[in-house]
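If you want the building blocks of each chain, they are given just below.
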Amino acid sequence: MKNSRVDIAIAGGGLAGGLIALALRRARPELNVVLVEAEDVLGGNHRWSWFEGDLDAAGTALLASFRKTEWTGYDIRFPAYERTLGARYLSLASPDFDAALRRELAQDCIMPSSPIASMDADGIDLKDGSRISARAVIDCRGFVPDHSLRGGWQVFMGRHLRTATPHGVERPVIMDASVEQHGAYRFVYVLPLSAHELFVEDTYYADEPVLDRSALSRRIDAYCAKHGWDGDILGGETGVLPVITGGNFSAFQAASRIPGVAQAGARSAMVHPLTSYTLPHAVQTAQLVADNADLPGDQLAALLEAQARRVWKQTGFYRMLGQMLFGAAKPDKRYRIFEHFYRLREPLVERFYAARSTRRDKLRILIGRPPVPIPRAIRAIFSSRAPLVAPNHKPDSMKAPKS
């Protein structure tokens, strides 16, 4: 596609960009939409998971055509407490994301292997010298850490394993925090993809964006050996994600803004601040764009910027909890906050992950025997953490592991 003209140009074929293109294809098939992706596949090297209650009926319908793994119920484990909860849980791997989009989108809609040089309100310039002119441009290229935001980091390594014998895991283990903590809030996440396949992820809520691949790989080895899981490694992924606990959101938007260009997905910080879940917000944004597809580019940009501000305002409670997690609890004792949380009623837990906690939910989370000293929690709420600046290394992926 050389020096072409389209209605809407989407920069970035990850979760947010792919879902926007899909929502537009279904709602407005007459529009000329192009999805520009630097890599040769859509969705990168990721796995997104979510709870059934995270989405409304329209959101569930948007994802219906994707091949997913689904379970009823999941487990959590802590040093002093284990529990099985009954919520339905779903997971989508990036190869299935790519395959479904290629089935549903028009062939001329997808532009893989097309690195972007720059963009403006009127189009996208590619590194090969060609330009895509558009009525509206949407930037979905991923989160860019910025000094305007503060918080900690979620560091992870995942491994896809085919076991020699049936592994015997019946349902997901969303958090196994019974493991040694290693100076952070550490938990292992396990998905039984089939009788012989597992996805095992080692995750850390850490103060610094340091990913030690050798150490994490050894710890996954030890965890699998402890449970008797031996077999072939089919794939893996690593990543470093920001856990946003505060900051100046207006300054963040101003720093990342390209006049007249809309922003969506993690790039606009539309994420669950504490869990880094992005899928529910990506679905919601895709529906919003499809409902307003006729807007001029500058008006669409203003609409999505206002949506990002609403999400920021609505998720303030979770940023406060993140501030307490990093600031009030000693690193090796951070698991106690989640151990306390998971003793609460299951509907409250579901609303928490969907970022729809009620006022009563919030009070219930904060009252009772506190998992951290109250004076330290108060100091943490009113203190400032380090700015979220880019990691020194380049991880294999920047994604939300369970979203």
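Our structure is the block above this text.
Scope of this entry: the structure provided in the associated data block.

We now examine unusual backbone geometry. Excluding glycine, a negative phi dihedral is what most residues carry, and trans is how most peptide bonds are arranged. A positive phi angle, close to 55 degrees, is found at His182, a residue other than glycine. For His182, the position within the fold is in the loop between strand S11 (173–176) and strand S12 (185–194). The phi dihedral of Ala269 falls on the positive side, at around 65 degrees, and the residue is not glycine. With respect to the helices and strands, the residue Ala269 is situated in the loop between strand S15 (262–263) and helix H6 (279–291).

Let's shift gears to the environment of Gly17. With respect to the secondary-structure elements, Gly17 resides in helix H1 (residues 15–27). Remark: the alpha-carbon pair of Gly17 and Val36, spanning 19 residues in sequence, is separated by 8.8 Å. Apart from the residues lying within four places of it in its own chain, the contact partners of Gly17 are Ile10, Gly12, Leu35 and Cys140.

Secondary-structure assignment places Ala177 in the loop between S11 and S12. Take Ala177: its relative accessible area is 0%, and that puts it in the buried class. Setting aside residues no more than four positions away along its own chain, Ala177 makes contact with Arg77, Phe78, Pro79, Tyr185, Arg186, Phe187 and Tyr335.

With that out of the way, let us pick up the packing of H1 against H6. Contact geometry for H1 and H6: axes closest at 8 Å, N-to-C directions at 35 degrees. Note on packing geometry: the crossing formed by H1 with H6 is right-handed. The segment H1 lies against H6, with Leu15, Ala16, Leu19, Ile20, Ala23, Leu24 and Ala27 engaging Leu279, Ala282, Val283, Thr285, Ala286, Val289 and Ala290.

In total, this model carries 20 salt bridges according to the counting rule given. The closest approach of N and O atoms between Arg267 and Asp139, which form a salt bridge, is 2.9 Å. Linking Arg267 in the loop between S15 and H6 with Asp139 in strand S9 (residues 131–139), this pair joins segments that are 128 residues apart in sequence. Note that Arg159 and Asp221 form a salt bridge whose closest N and O atoms lie 2.7 Å from each other. Here Asp221 lies in helix H4 (residues 213–226) and Arg159 lies in strand S10 (residues 149–163), a separation of 62 residues in the sequence.

Let us look at H1. Taking 1.5 Å of rise per residue, 13 residues should cover 18 Å, and H1 covers 18 Å from first to last C-alpha, within 8% of that figure. For H1, the tally of buried residues reaches ten of 13 residues, placing the bulk of the element in the interior. Of all the positions in H1, only Leu15, Ala16, Gly17, Gly18, Leu19, Ile20, Ala21, Leu22, Ala23 and Leu24 are classed as buried.

Within helix H3 (residues 94–104), the full set of buried residues consists of Ser94, Phe97, Asp98, Ala100 and Leu101. The inward-facing, buried residues of H3 abut H1, strand S3 (47–51), strand S5 (81–93) and strand S6 (110–111).

Turning our attention to the packing of helix H8 (residues 316–327) against helix H11 (residues 359–366). For any two helices packed against each other, the geometry is given by the interaxial angle and the distance between the axes. Following both chains from N to C, one finds H8 and H11 inclined at 10 degrees, their axes separated by 12 Å at the closest point. On the basis of their axis angle, the class for H8 and H11 is roughly parallel. Here H8 contributes Phe317, Met320, Leu321 and Met324 to the contact with H11, which in turn contributes Lys362, Ile365 and Leu366. Of the residues contributing to the contact of H8 with H11, the split by class is six nonpolar, no polar and one charged.

Counting residues in each nonpolar core, the largest one holds 44 residues, and the members touching the most others are Ile8, Ile10, Leu19, Ile20, Leu24, Phe66 and Ile138. Here the element with the most residues in this core is H1; it accounts for eight residues. Membership of the second largest hydrophobic core comes to 41 residues, among which are Ile76, Tyr81, Ile337 and Leu344.

A word on the pairing of strand S1 (residues 4–11). Across the eight residues that make up S1, a large majority, six, are buried. Judged from the seven bridges that link them, S1 and S9 form a sheet pairing that is parallel. Each residue of the ladder has a partner; that of Ala9, found in S9, is Val137. As judged from the four bridges shared by S1 and strand S2 (residues 33–36), these two strands associate in the parallel manner. Looking across to S2, one finds that Ala11 is bridged to Val36.

The rules behind the values
- Residues numbered from 1 in each chain as written.
- Predicted model: local features only at pLDDT ≥ 70, side-chain atom pairs only at ≥ 80, totals over all residues.
- Heavy atoms only, no water.
- Helix = DSSP H or I, 4+ residues; strand = E, 2+ residues; numbered from the N terminus.
- Contact = heavy atoms within 4.5 Å.
- Buried < 20%, exposed > 50% of the residue type's maximum accessible area, 1.4 Å probe, protein only.
- Axes fitted to C-alpha atoms, helices over the stretch in contact; angles between N-to-C directions.
- Left-handed = near helix turned anticlockwise from the far one by under 90°.
- Salt bridge = Lys/Arg side-chain N within 4 Å of Asp/Glu carboxyl O.
- Expected span 1.5 Å × (residues − 1).
- Parallel < 35°, antiparallel > 145°, perpendicular 65-115°, else oblique.
- Nonpolar A, V, L, I, M, F, W, Y, C, P; charged D, E, K, R; others polar.
- Core = buried A, V, L, I, M, F, W, Y, C linked by side-chain atoms within 4.5 Å.
- Pairing = 2+ DSSP bridges.

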